[in-house]
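# Overview (structure and organization)
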Amino acid sequence: MSHGFETLAIHAGQDPEARTGAVIPPIYQTSTYAQDAVGAPRQGYEYSRSGNPTRDALQECLAALEGGRVGLAFASGLAAEDTLLRAVCKPGDHVVIPDDAYGGTYRLFARVAERWGLDYSPAKVSDVDAVRAAIRPNTKIVWIETPTNPLLGIADIATLAAVAHDAGALLAVDNTFASPYLQQPLAHGADVVVHSTTKYVGGHSDVVGGALVVADQALGDELRYHQNAMGAINGPFDAWLTLRGIKTLGVRMDRHCDNAERIAAFLDGHAKVAQVIYPGLPSHAGHEVAAKQMRRFGGMISFRAAGGEEHAVQICNRARLFVLAESLGGVESLIEHPGRMTHASAAGSPLEVPGDLVRLSVGIETVDDLLADLEQALG
C-alpha cells in the first residue's frame, strides 16, 4: 500500500518500539552491542559506526521520502559529499559542478578533492549545452544543485540525467534547498540525492547532518561500505533530532513557501531592490522548469541591493527579526551576505558571487512581521 508524503514522514522506519510500544523510536545511545555468540551479532548490530537502530530509522525514512531504495545518514552534508566522491571517483577522474555551487562544496573540490587528484569543471547548470560541453571522457559525476546556492538557478533534472547517462556518468542532485517535499530528483532520473539535513529536513537549527539517497541497490551497497569505512556517520541523538524534524517537514515547507511568495512579491516592487531572484516569480529564467519538477518554489530568496555591495551589507546589519547568520532552512528567518559569509571561499574564483547579493532563508513566522523588518532594513 502506498502512502502520502506526510504519512511517510511520520511513520516510515518509525514503527512503535517492540518491547514497550513507545511511539517514538528510542535513542540507542550506545557504541557497541552484546553478541549472542562469536560471529553472531544480534539483529546484525555489532558496533555503532557500522549500524545503529536510531540511525537506521532515519535512513529508512529518508529513503522513503525521496522514493529511493537506500538512504544513508552522515555527520554533515559535506561528509555525505566526500563519501560519495571517494566511493564513485578515483584520482584522475573528473566531475562537473555548478558555477554557483555552495561555497563548502566548492571548497571540498578546490582545496581537498583536487589535491587527491580529482579534477572538476564549473558549468551553468541551467544551461544544458554548457553542462554537456563541460563533460569529458573521464567525467564520473555531473553534480548539480537545483535551486542553486545562492543564485537560485534551476537545472532540468530529467534532461541532465539523460546527458550524464549518455556520457556514462552519474547525475548527483543536491536537493537541500527544495527538500524531498518539494522535489524528488530520483523520480526524474537522478542517480544520487544529496542533502544537508541540517537545513529543511531537520528544520530547527539544532542539529547538523547529511544524507545520500539512491535508487540502485548496488550503488547503495557501495556507498554504505564507504560510510562504514570512512566513518563520518551521525550519532544517535543527532539522528533522533533529525527524525523529529522530518515529522513536520510537509507543513513547515508549506508555510515557508507561503511566506516566501509574499516576500518575493514585496521585494519585486521595491525601489531599493535592483533584482529579485526567486523561482516562483514568472520573471525567473527557470520558472517553467521549476514548475515542472517542483511542487512549490521553496523558502529561499536572493536579491541584489540597488545601492551596491555596501547597501547589501547595511541591509544585513539592520535586520532584526531576520537573524544575521549562516545556514538556512530552520523555522526562524535568516539573512546573510553570501560574498562575505557562506561563499567567501569562492572569492576570486569563477564561482564568486555578486557583492550586492543578499540571501534570505524565509522562516515560518507571521509574514507581516517579516515584511515590516525588511522594510526598515532596506532603508
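Residues numbered from 1 in each chain as written. Predicted model: local features only at pLDDT ≥ 70, side-chain atom pairs only at ≥ 80, totals over all residues. Heavy atoms only, no water.

### Some words on the overall build of the protein
In terms of helices and strands, the protein carries 13 helices and 14 strands. For a compact globule of 379 residues, the expected C-alpha radius of gyration is about 21 Å, and the protein comes in at 21 Å, within 12% of that figure. Judged by the C-alpha coordinates and their principal axes, the protein covers about 70 × 50 × 35 Å. Within the span of the protein, comprising 379 residues, buried residues form 54% of the whole. A fraction of 72% describes how many contacts in the protein between residues 6 or more apart in sequence connect residues 24 or more apart. Averaging the coordinates of the 30 positive side-chain charges in the protein and doing the same for the 44 negative ones gives two points 3 Å apart. (Helix = DSSP H or I, 4+ residues; strand = E, 2+ residues; numbered from the N terminus. Rg over C-alpha atoms; globule rule 2.2 N^0.38 Å. Buried < 20%, exposed > 50% of the residue type's maximum accessible area, 1.4 Å probe, protein only. Contact = heavy atoms within 4.5 Å. Lys, Arg positive; Asp, Glu negative; His and termini not counted. Charge placed at Lys NZ, Arg CZ, Asp CG, Glu CD.)

### What to know about the pattern of salt bridges
A complete count under the given rule lists 16 salt bridges for this structure. Linking Arg86 and Asp82 is a salt bridge whose minimum nitrogen-to-oxygen distance equals 2.8 Å. With Arg86 and Asp82 both in helix α3 (residues 77–88) and four residues apart, the pair spans about one turn of that helix. In this structure, Arg296 and Asp258 form a salt bridge, with 2.7 Å as the shortest nitrogen-oxygen distance. One end of the pair, Arg296, is in the loop between α11 (287–293) and β11 (300–305); the other, Asp258, is in helix α10 (residues 249–268), with 38 residues separating them in the sequence. Relative accessible area serves as the criterion here: at 18%, Arg296 is assigned to the buried category. (Salt bridge = Lys/Arg side-chain N within 4 Å of Asp/Glu carboxyl O.)

### Describing helix α8 (residues 217–230)
Across its 14 residues, α8 extends 20 Å between first and last C-alpha, which sits within 8% of the 20 Å expected from 1.5 Å per residue. Within the sequence span of α8, burial applies to Leu219, Gly220, Leu223, His226 and Gln227. Axial view of α8: buried residues confined to an arc of 125°, hence all on one face. Away from its buried face, by an angle of more than 90 degrees, α8 presents the exposed residues Ala218, Tyr225 and Ala229. Close packing links the buried residues of α8 with α2 (53–66), β3 (70–74), α3, β7 (170–174), β8 (192–196) and β9 (210–214). A positive backbone phi angle near 85° is found at Gly231, which sits one or two residues after α8. (Expected span 1.5 Å × (residues − 1). Arc of directions from axis to C-beta.)

### A look at the sheet that holds β7
Ordered by their spatial adjacency, seven strands build an open sheet running β3-β9-β8-β7-β6-β4-β5, and the pairing between neighbours is mixed. Looking at strand neighbours, the two that pair on one side only are β3 and β5 (119–123), the edges of this open sheet. Neighbour-to-neighbour, the strand axes of this sheet turn through a mean angle of 20°, independent of strand direction. For strand β6 (residues 139–145) and β7, the ladder comprises five bridges, and the chain directions are parallel. Each bridged residue has a counterpart across the sheet, and for Trp143 the counterpart in β7 is Ala172. Contacts between helix α4 (residues 103–116) and the sheet are confined to β4 (94–98), β5 and β6, with β5 contributing the most and set at about 155° to the helix. On top of the sheet, α8 reaches β3, β7, β8 and β9; it is set at about 20° to β3, its chief contact. (Pairing = 2+ DSSP bridges. Axes fitted to C-alpha atoms, helices over the stretch in contact; angles between N-to-C directions.)

### Thoughts on the environment of Phe5
Here Phe5 lies in helix α1 (residues 5–11). C-alpha of Phe5 to C-alpha of Asp99: the two residues are 94 residues apart in sequence and 32 Å apart in space. The residues touching Phe5, leaving out its near neighbours within four places in the chain, are Leu65, Pro180, Tyr181, Leu249, Gly250 and Arg295.

### Some points on the packing of aromatic side chains
According to the stated counting rule, one finds six aromatic pairs in the structure shown. Pairing Phe109 with Tyr120 gives two aromatic rings, centres 6.0 Å apart and planes at 50°, and the pair type is tilted. With Phe109 in helix α4 and Tyr120 in strand β5, this residue pair connects regions lying eleven residues apart in the sequence. The exposure class of Phe109 is buried, given its relative accessible area of 0%. Ring geometry for Phe237 versus Trp240: centroids 6.1 Å apart, planes at 10°, classification stacked. Here the residue Phe237 and the residue Trp240 both occupy positions in helix α9 (residues 236–246), the gap between them amounting to three residues, near one helical turn. Look at Phe237 and you get partly exposed, because its relative accessible area is 41%. A connected cluster of aromatic rings, assembled from ring pairs, spans Tyr106, Phe109, Tyr120 and Trp143. Of note, Arg295 hangs over the ring of Tyr181, and the distance from its end group to the ring centre comes to 4.0 Å. (Phe/Tyr/Trp six-rings, centres within 6.5 Å; stacked < 30°, edge-to-face > 60°. Lys NZ or Arg CZ within 6 Å of the ring centre and 35° of its normal.)

### A word on the packing of α10 against helix α13 (residues 367–378)
Packing of α10 against α13 leaves a shortest axis separation of 10 Å and a crossing angle of 30°. One way to sum up the angle between α10 and α13 is to call them roughly parallel. By crossing handedness, the relation of α10 to α13 is classed as right-handed. Taken together, the residues of α13 that come into contact with α10 (itself represented by Asn259, Arg262, Ile263, Phe266 and Leu267) are Val367, Asp368, Leu370, Leu371, Leu374, Glu375 and Leu378. Considered class by class, the residues forming the contact of α10 with α13 number eight nonpolar, one polar and three charged. (Parallel < 35°, antiparallel > 145°, perpendicular 65-115°, else oblique. Left-handed = near helix turned anticlockwise from the far one by under 90°. Nonpolar A, V, L, I, M, F, W, Y, C, P; charged D, E, K, R; others polar.)

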